[in-house]
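Each chain, written out:
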Amino acid sequence: MQLRWSRMMPQLALAPAVAVTFVAFIGAIGWTAWLSLTRSRRVPEYEIDWSQWTRQYERLFNDAGWAISLHNLVILGIGSALAIVFGFILAAMIDREWRGESFFRTVFLYPLAVSLIVTGAAWRWIFNPQLGLQNFLHGLGFTSVSFNWLASPETAMYAIILASIWQSSGFYMALMLSGLKSINTEIWSAARLDGVSFWRLYLEIIIPMMKFTFITCAILLSLGVIKAYDVIVAMTNGGPGNSTWVPAYFTINALSAKSNIGYASAAAITMLVITALIFLPLVLITTWQQRRANGGSR
Amino acid sequence: TDLVIYHTWSAPPEVAALNVLKKNLEAKGDSWTDIAIPHDTGSNVNLMNLVAGGNPPNLFMESNPGVYRDLTKAGLGRPLTDFFKDHGYPDKYPDAVAHSMVVDDQVMKVPTALHIDGMVYYSMDVAKKLGIDPAAWKSLDEMFADFDKIKAAGVIPLAVGGQQWQVGYLTHALAATIGGPDFFNKIYGEKPDPAVFDTPEFRQVFDYLRKFQQAADEGSANREWNLTTNLVITGKALMQIHGDWMKGEWLAAGKTAGKDFGCIQIPGAKAVAASVDSWGLLGGQPADKDKAELDFASIVVDPNVQAEFAKAKGSTPVRLDAPQDSLDACSKEVLRIVADPKHQVQNPHAISDADWENSIWDVAFNFWSDPDMSVDDAIAKIKENYTTILG
Amino acid sequence: MPRVSFEHIVKSFGAVTILDDLNLAVEDGDFLVLLGPSGCGKTTLLNLLAGLLEVSDGRIMIGERDVTDLDPRDRGLAMVFQSYALYPTKTVYGNLKFGLAASRLERAEVEQRIAAAARLLQIEPLLARKPGQLSGGQRQRVAIGRALVKQAGVILFDEPLSNLDAKLRTEMRLEIKKLHDTLKPTVVYVTHDQIEAMTMATKIAVMDGGLIQQFGTPDEIYGKPANLFVAGFIGAPAMNLRPARLQVDGHCVKAGFDTGDVIDLGDYGFAQRPESGAEVVIGLRPEHFVVADQPVANAAASFELPLRHTERTGSDATAYLGFGDQLLALRVDPDRAAGFSAGEKLRADFPRGKANVFDARTGRRM
Amino acid sequence: MPRVSFEHIVKSFGAVTILDDLNLAVEDGDFLVLLGPSGCGKTTLLNLLAGLLEVSDGRIMIGERDVTDLDPRDRGLAMVFQSYALYPTKTVYGNLKFGLAASRLERAEVEQRIAAAARLLQIEPLLARKPGQLSGGQRQRVAIGRALVKQAGVILFDEPLSNLDAKLRTEMRLEIKKLHDTLKPTVVYVTHDQIEAMTMATKIAVMDGGLIQQFGTPDEIYGKPANLFVAGFIGAPAMNLRPARLQVDGHCVKAGFDTGDVIDLGDYGFAQRPESGAEVVIGLRPEHFVVADQPVANAAASFELPLRHTERTGSDATAYLGFGDQLLALRVDPDRAAGFSAGEKLRADFPRGKANVFDARTGRRM
Amino acid sequence: MTMVTQAAVLEDAANASPGPRQPFFPRKKKRIPGRSIAILLFLTMCALFFCVPLYVVVVTSFKTMDQIREGAIFSLPHVWTLEAWDHAWNKACSGINCNGLKVGFWNSVLILFPSLILSIALSIVTGYALALWNVRWANAFLFLLFICAFVPFQVIMYPLIRITASIGIYGTLWGIAVVHAVLAMPVLTLIFRNYYKDIPQEIMRAAIIDSGSFWRIFIEIILPMSGNILIVVLILQITSIWNDYLIGVTFGGLGTQPMTVILANLITVSTGVVAYNDNMAAALLTAIPPLIIYFLVGKFFVQGITAGAIKG
Ligand SMILES: Nc1ncnc2c1ncn2[C@@H]1O[C@H](COP(=O)(O)OP(=O)(O)OP(=O)(O)O)[C@@H](O)[C@H]1O
Ligand SMILES: Nc1ncnc2c1ncn2[C@@H]1O[C@H](COP(=O)(O)OP(=O)(O)OP(=O)(O)O)[C@@H](O)[C@H]1O
Ligand SMILES: [Mg+2]
Ligand SMILES: [Mg+2]
């Protein structure tokens, strides 16, 4: 059969992306995985001491800093999930209330545009006990409130969560809005006619209908949580203590402060494994369900 | 010739000092391309990245011997033993400095500034108002004894910045103060000795660390060192214990050493930790670059430049023969302290394994941040780290 | 069951007025079909009645109640939607139950109503399924069931069959009609399919451009279209509408076409006095023509025109004859049509009493 | 224009085989309609011809060329899609021009072809508009124009009219037919609307389940359906199909229904020898019945059955009579139907030579 | 009766004089319902919460240091002064260069364009080919891309440095652009593909019959139809590239540090008394370009998302 350009061209056009995937992702992951088995410190070494090839990982699992990082990852994940809830509430309200829709949308979205470095600076200042919100409230007479969240290991994580909710709610709101808008308008009409109450309408019909939107949001959110780095640097730089470390921070810290490429690689690979463990089932279930849903409606 | 110069300084006094070098470099007809990455922004890795990426800077501010070893391994080391023969090595340099310049029997670093990591800077105004003379304290205990009185007057006795590296510095300064050189080197030296973790001195280091933590004000968390210094400058706090680069801030605020502020070593210190900020040169360069790099090195260690540099930065000259007339009271005090070779140790950064040093920082800072953590916990943690990293 | 009436309804969206002073009344137990082309305001009118939109002005009465400002759920009506609008996350049973969400009924009563509706619609085996697992026709049944459980006096339908294929559509048409015969609710049914309208309605309101063009029984609408719009809209193939000029000669009224052909309107019941020379439009339905070789006795008009082409659909055939530079469609026997050849002259007679006459100026029936 | 033929076509998607050993040939200049219910593989077959899908096995010929492995643009054909598939960001002019993208023509030639097509389709005033600014019918014209400019010998249509409303559909039907008469391309036209098929085709291929059930002229398909599927699929209202049992008595062949009624099949051209007692299905088209008070002379069968209900559409009426526990549909005159009342017994005669007989076992025409 | 009324209505409609008409049934103006008020109130509160940081930053940047020390962060400036802005823009120091943020601004602009072009060009073509052309291994590759979208940057950072170095673009603008393109590729490709998946198949089929050329169809048909998604992606990419810190600092060219890096230098370490007003002005200056983009075209962003730009 002769060569058909109509078949070759798309594959040629895909070549750069394929190359990038195999070199910059798969190859690089392999490289890092290899490094994580070596004794590399500041400079990579490529020899693996097979009798002790898990040494970096053993150290990692015994490292209290890593344990804290994982713990914080969970806290951050749960806390940031509020952004989805909040985003949904905002979207539902904006959707119901046509007055000022575009105004509110813009206001809720703008934090997305702002660099985390800036965000961190602003929030840190707000949390500053001498000059910030606490001082302001004390000035008003509420002397018992404490907003010095960043100073204490117990509360610093909440400050970070607050800032990240502030930053990302708008995005989830936008996604939720699109989900809400894709619901057939006749469903709303039917519910009004049936006299379904507000709560039952949302809890029993709308939210279940938006299952996929929620899952999408959840996936995006967990992605953001796992990659969270800038916000930590900008808000607390890991402190107080290493109470606000997360795996991404741990990895960079191992690379820079500890100057230990092997150790950092091990941490990075473990991050990857965690990601895979969380997402592969989630993604597979979703695609399976989606396929089933599509098949059913046909 | 154009030199790419990598450093981590960005505070105004630091920048002023760099400009002294730049001025002199340009006078020789070379130009300066700046890469500044401030400390502690996840960026220490960048020097090695630049090397790994094939764009190493010609000059880089780096004290860690490991880096020099790695560069040498990569064929990018530039030994300076011959060069320093003409620049008064070793007699013209204080002992701590001379030691720090050597990596594996070769002179590799060009020292540029001398600091003591744990100095007490206090506001003379505040001291006078409170009727306290810090210079009279003979031990840490005497110092803490006065704290209640100070607090009662509404002044923060001791300002600290609750950041990992500041606490880490305080820790090793305390180690030097309490245990002296031998003890210090058993912890931070090239080959640490685990037996030292069981000594009473080691416990004391953490006991005092806890006292410092308890004396800290509530805004200390994650505060920059220079903001902390500012509390003292503005009279909100009596003193700060930190590296003596604090002086740059005082000078920038228009204050005079010995008149507005006093500087003493930590009361009862058995030794002080000396930081030597050093430049490294990139090896394997074409002749013109190499010459320019050496020009830069000779500018750095020129006694007159040293004096000017020290004045701008608030450091102490690394050369004993630098003109003394421009030195202020604090620099003179530093030179007095480092004159005794037995009374000084080196900044861990210049001698210990980065990973190990960092693990001590971790423990110290966690200890600092978590009031519930006991000294035993901390020591146990350090022992554990020792086994993992060096054992 | 209640009477429904719209009084002076005005509905504007912003500056655009969709309905302007519309009046319409549906008698108790009637099956009213709103028929009209897309965008004429049928859905809007239905939504106003349901309370899903608010009137800009006017009054809506259901029975003796003024419901203009009531909440949809308080109006005592049920609605079936074009896309069925089933709650996809609920089972069929749940969907039916939700239809009763607003009415505070006892458990047993709810169960009983659902069972009754399910039996009536033969969806009992489906009660546990989700809508996604149903076929189009089954969904439509469930949607109707959700309306039925309410036992509302008024049921609204918005193009309920347009998403079904032809065969199912015919079946569901019959079923809805049967339901109406059984339960006798007042029905308002929106469609743009005239077959649905003709077969189901007891009354049809033909709408266009937000106005009701004609309101009447299917026979009236078909037999005596009130204006040119209705005449052209109803019937397939469409009525032949051709301009002509009246020739009044005492009691004898005729109309002359451009082509010289003349039609005798002697039996036509003029609503107003015809005047000679008046411009009119004559409407002749294709199926009323008789194509015969012999002239039919007593025909109103007789044409002898060349055949342009024929369209045969198996059971029917339409012949298109050249009439001036236009075409005249007429229904012929398919077996005969097979024998026709283009260009052949055909003789077509139009019987008396079947023609429609419209004023060419106003478009209104004369 | 070229002949198109499919030879032993097999098409599978993964494990599912949609078309299995299909053979079909369209003669030069023919208007072939592929008719069948949804999902039967019509679009798939068309896409195979266009080259938009690849055959799993078999050969496709256009004229003398084997095009099985050619790129779509090299097959020398044009296609019109159900959703029109106009490029929304291009003007009408741009759309037509892009139709020529593959052919390297001179500027002047391109202009000339676009102008010609625009003139033929009367879309000249629209050339500068975007598709979004056109009505459905106009879009369809542009879509056809885009096919015409190619001057391809073969034009494919995939349900081109199903998005139009009834009126426009009738008009466009005529226009496409006229275009075919003028330009005489070979046309393959997919639809599931039997009216379209009957009126436009010169040949119809009725498909179901990936198989061609019957291939023939519209008259053959309607008059002599090859099997039960075709019989039930073609015609609206559908043919009455009722089981019966043959009674052969010498030359006299009859069929007896469960109800005791008997139909005389004396004039039926059996393809195989009828055997007494054979289970058959008798197909009677609704429009062939004659409802008269007097028995019609020489009828094949005569029924006297109770009226269940009637459906009147204005021009037509269908009466449903109870026949056992089923219904028998028959077409009646609408004027007469108005007088019928449910329950009344009607007399319906079925003429000779119109019945269809199918083998109950195989479903094939006997 | 209706026939009669109808006739009358027709008459009315024909003769109706333009202009306001007396209402048939005067109705009382409907109150805004309570629930509506509650929702508005809630939304307003949320809006305030969202605006607090911006407000504080803006207000502070116009204050003098003296006022900042008073501690009332919510108060308006006593004296509005642009000094901090001037300082941040023209005089702030990063390293030994005290030319202010403006240097970084231009660097950021220089980084932005190649990065944008490269990252979008790579993903749009990939998304187009995967969504609209028949590539046998498309699904497998998509799955791979999906996995890649989850790979944390840290995992591939070090190898990327070595790879870019080995092809000689480490430390150049193109290095940054390439890294941005690589990192954004999986997600952007998925976004583009999901969007293109919704383009009616028939349009694509028509185009294949009409032209059959991969690139021609892309440029003439598909690209013009990508308005919505391009705006969404542009906004996403502009903000992420502009706000990026780690890549700029790790792969950045010599002396071509982006604005964020200079800002970080400025904020993390500065003069004795932290010049909050300078910092906030600097922060604002850095944030202004993406903010302007959001405020101007944020509407399209939401529209684009609603049009199906981002889906599971
Ligand atoms: N919310 C709205 N805002 C503005 N105009 C609207 C709105 N809803 C409907 N319209 C306009 O009102 C007119 C009537 O719409 P309506 O939906 O009642 O038509 P319809 O007769 O139901 O048509 P179809 O048969 O297509 O459903 C249309 O021109 C439509 O564009
Ligand atoms: N890409 C595909 N993968 C798997 N199955 C397919 C694919 N495309 C079509 N099919 C299946 O092939 C069968 C025939 O589809 P096709 O589109 O040809 O039907 P059709 O006759 O055109 O129907 P319609 O009248 O609804 O357009 C259907 O059952 C369909 O589900
Ligand atoms: Mg409608
Ligand atoms: Mg199809």
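Along each chain, residue indices are assigned from 1 in the same order as the chain's sequence is written. Lettering for chains starts from A, numbering for ligands starts from 1, and both go in the order in which the items are written. Where local features are concerned, this predicted model is filtered to residues with pLDDT of at least 70; where side-chain atom pairs are given and counted, the filter is 80 or more; whole-chain, interface and lining totals use all residues. Excluding hydrogens and water, the side-chain figures rest on all heavy atoms present in the structure.

Undergrad: Would you mind showing me how to read the interface of chain E and chain D here?
TA: When the parts of a complex come together, some accessible area is lost, and that lost area is often used as the size of the interface. Note on definitions: a residue-residue contact is assigned when non-hydrogen atoms from the two residues lie within 4.5 Å. Contacts between the two partners involve 16 residues from chain E, matched on the other side by 24 residues from chain D. In total, chain E and chain D occlude about 1,800 Å² of area from one another, counting both sides; carbon and sulfur atoms represent 59% of this. Taken as a group, E202, I209 and D210 of chain E account for 39% of the area that chain E buries against chain D, more than any other trio of residues on that side. Basic side-chain nitrogens of Lys or Arg form a salt bridge, by our definition, when they fall within 4 Å of a carboxyl oxygen of Asp or Glu. In this assembly, chain E and chain D are joined by three salt bridges. With its nearest N and O atoms 3.6 Å apart, the salt bridge here joins R146 of chain D to D210 of chain E. Note on definitions: buried area is the accessible-area loss of two parts on being combined, 1.4 Å probe, summed for both.

Undergrad: What should I look at first to understand the nonpolar core in this one?
TA: As a rule of thumb, soluble globular proteins bury nonpolar side chains together. In terms of nonpolar packing, the biggest core is built from 296 residues, with F108 of chain A, L24 of chain C together with Y128, Y196 and I222 of chain E touching the most fellow members. If near-sequence neighbours (up to four positions away) are discounted, Y196 of chain E is found in contact with I124, G127, Y128, A131, L132, F218, I222 and S226 of chain E. Take the buried residues of types Ala, Val, Leu, Ile, Met, Phe, Trp, Tyr and Cys, join any two whose side-chain atoms come within 4.5 Å, and each joined set is a nonpolar core. Here's how the labels work: a residue is buried when its accessible area is under 20% of the maximum for its type, exposed when over 50%, partly exposed in between, all with a 1.4 Å probe on protein chains only. Ranked by size, the runner-up nonpolar core spans 60 residues in total, among them F83, A113, V305 and F309 of chain B.

Undergrad: Sorry if this is basic, but what is going on with helix 15 (residues 329-338) of chain B here?
TA: Residues lying three or four places apart along an α-helix face the same way, a consequence of the helix completing one turn every 3.6 residues. All names here are of chain B. Numbering goes from the N terminus for both helices and strands, where a helix is a DSSP run of H or I of at least four residues and a strand is a run of E of at least two. In terms of residue burial, helix 15 counts as a mostly covered element, since seven of its 10 residues are buried. Along helix 15, the positions that sit buried rather than exposed are C330, S331, E333, V334, L335, I337 and V338. The secondary structure elements touched by the buried residues of helix 15 are strand 6 (109-116), strand 7 (119-123), helix 12 (246-252), strand 10 (261-265), strand 11 (272-281) and strand 12 (344-346).

Undergrad: Looking at this structure, how should I read the environment of E7 of chain C?
TA: Looking at the secondary structure, you find E7 of chain C in strand 1 (residues 4-13). Residues E7 of chain C and L179 of chain C, spaced 172 residues apart in sequence, show a C-alpha to C-alpha distance of 29 Å. Ignoring sequence-local partners within four residues, the contact set of E7 of chain C consists of L22, N23, G58, R59 and M61 of chain C together with F25 of chain E.

Undergrad: What is the right way to read the site of ligand 1 from this model?
TA: All names here are of chain C. Taken together, F13, I18, S38, G39, C40, G41, K42, T43, T44, E159 and H192 form the complete shell of residues around ligand 1. Contacts to ligand 1 include G39, whose backbone N or O atom sits 2.8 Å from an oxygen atom. A 1.4 Å probe and the Shrake-Rupley method give the accessible areas. Residues count as covered only by the protein chains that appear here. In the complex, the protein chains occlude 56% of the 630 Å² of accessible area that ligand 1 would expose alone. A per-element tally of the shell around ligand 1 places helix 1 (residues 42-50) first, with three residues. Near is defined per residue: the residue qualifies when any heavy atom it owns lies within 4 Å of the molecule or strand. Whenever a nitrogen or oxygen atom comes within 3.5 Å of another N or O atom, the pair is scored as a polar contact, on the condition that within protein one atom can donate a hydrogen and the other can accept it, and that pairs from neighbouring residues in sequence are kept only if both atoms are in side chains.

Undergrad: For this particular structure, what's the right way to read the interface of chain E and chain A?
TA: With 83 residues of chain E in contact, the opposing surface of chain A contributes 86 residues. Around 7,600 Å² of area is buried between chain E and chain A when both sides are counted, 83% of it from carbon and sulfur atoms. It is F50, F150 and Q154 of chain E in chain E that bury the most area against chain A; as a group they hold 10% of the surface buried on that side. Inspection of the region where chain E meets chain A yields zero salt bridges. Run the count over chain E and chain A and you get seven residue pairs in polar contact (both at pLDDT 80 or more).

Undergrad: Just checking my understanding: could you explain the site of ligand 2 for this structure?
TA: Residues and elements named next belong to chain D. Surveying the vicinity of ligand 2 reveals the residues F13, I18, S38, G39, C40, G41, K42, T43, T44, E159 and H192. Within the backbone of G41, one N or O atom sits 3.0 Å away from an oxygen atom of ligand 2. Taking E159, its side chain carries an N or O atom lying 3.2 Å from an oxygen atom of ligand 2. In the complex, 56% of the free accessible area of ligand 2, which totals 630 Å², lies under the protein chains. Examining the composition of the shell around ligand 2, we find that three residues originate from one element, helix 1 (residues 42-50), more than from any other. All residues other than Ala, Val, Leu, Ile, Met, Phe, Trp, Tyr, Cys, Pro, Asp, Glu, Lys and Arg, Gly among them, are scored as polar; the first ten of these are nonpolar and the last four charged. Along the lines of polarity and charge, the residues of the shell around ligand 2 split into three nonpolar, six polar and two charged.

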